[in-house]
Amino acid sequence: DARKYMAGSQMLRQLYFSAMDMEFHTSSDPWKTIMDSVAAEYTVLQPLPEDMFPCSFMHVWGGGYAAGYYSYKWAEVLAVDAFGAFEEAGLENRDKLAEIGKRFRDTILSLGGGTHPKEVFRQFRGRDPQPDALLRLYGLA
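For the structure given in this document, a descriptive report is provided here. Quantities reported herein were computed from a predicted structural model and do not represent experimental measurements.

With that settled, consider the overall build of the protein chain. When helices and strands are counted, the protein chain shows seven helices and zero strands. Start at the N end of the protein chain and walk to the C end: the helices and strands fall as α-α-α-α-α-α-α. Principal-axis analysis of the C-alpha atoms places the extent of the protein chain at approximately 60 × 40 × 20 Å. Looking at the 141 residues of the protein chain, the share that counts as buried comes to 28%. When contacts within the protein chain are restricted to residue pairs at least 6 apart in sequence, long-range pairs at least 24 apart make up 53% of them. Entry remark: accessible area of the protein chain is about 9000 Å², with carbon and sulfur atoms responsible for 57%. Taking the average place of the 15 positive charges on the side chains of the protein chain and the average place of its 19 negative ones, the gap between the two points comes to 8 Å.

Structure representation (structure tokens):
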């Protein structure tokens, strides 16, 4: 399955970018120090000494994602976990799917910005979001 090819490396790359973004916006350390310390935790191969990637990481400097790059991966966690409710009901069980679809409409689609997203998800799934479904999707669990 092509979706699973290099999935671990791709996941680490997104987590690396996310953690680096958060550190850039919460630390007073120089960018190179931040990059090196985050890379030590999230990359298999450490950046080369001449690596200047953060200087052109426009998502975090000019793209409006300041300390929000993690939202790419978090959105995946939420989407796949939410879809899990339908899978658990059985994708052939039309009555159960209709019931879950109504709950999805009445929570995720209806509550919008009026309720904190964590609470909206809890109302839909009955629990906090979990990464398990995303890890399974990519063949990492």
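Next comes the rest of the write-up.
Another aspect to go through is the packing of helix α5 (residues 94-111) against helix α6 (residues 117-125). At a closest axis distance of 9 Å, the pairing of α5 and α6 adopts a crossing angle of 170°. The orientation of α5 relative to α6 falls into the category roughly antiparallel. Contacts between α5 and α6 involve I100, R103, F104, T107, I108 and L111 from the first element and V120, F121, Q123 and F124 from the second. When grouped by side-chain class, the residues that make up the contact of α5 with α6 number seven nonpolar, two polar and one charged.

Among the secondary structure elements, S18 is positioned in helix α1 (residues 7-24). Beyond its immediate sequence surroundings of up to four residues, S18 is in contact with Y69 and Y70.

The grouping of L12, L15, V44 and L45 at the surface amounts to a nonpolar patch, some 390 Å² of accessible area in total. As for its position among the elements, L12 is in helix α1.

Below, the discussion takes up the side chain of D21. As for its placement among the helices and strands, D21 is situated in helix α1. For the buried D21, no salt bridge is present, and the opposite-charge side chain at shortest range is R13, 14 Å distant. At a separation of 3.0 Å, a polar atom in the side chain of D21 contacts the main-chain amide nitrogen of G68. A distance of 2.8 Å separates a polar side-chain atom of D21 from the backbone nitrogen of Y69.

The rules behind each value
Residues numbered from 1 in each chain as written. Predicted model: local features only at pLDDT ≥ 70, side-chain atom pairs only at ≥ 80, totals over all residues. Heavy atoms only, no water. Helix = DSSP H or I, 4+ residues; strand = E, 2+ residues; numbered from the N terminus. Buried < 20%, exposed > 50% of the residue type's maximum accessible area, 1.4 Å probe, protein only. Contact = heavy atoms within 4.5 Å. Areas by Shrake-Rupley, 256 points an atom, 1.4 Å probe, with all protein chains shown as cover. Lys, Arg positive; Asp, Glu negative; His and termini not counted. Charge placed at Lys NZ, Arg CZ, Asp CG, Glu CD. Axes fitted to C-alpha atoms, helices over the stretch in contact; angles between N-to-C directions. Parallel < 35°, antiparallel > 145°, perpendicular 65-115°, else oblique. Nonpolar A, V, L, I, M, F, W, Y, C, P; charged D, E, K, R; others polar. Patch = residues over 30% accessible without salt bridge, like charges linked within 9 Å, V, L, I, M, F, W, Y side chains within 5 Å. Salt bridge = Lys/Arg side-chain N within 4 Å of Asp/Glu carboxyl O. Polar contact = N/O pair within 3.5 Å; in protein donor to acceptor, adjacent residues only side chain to side chain.

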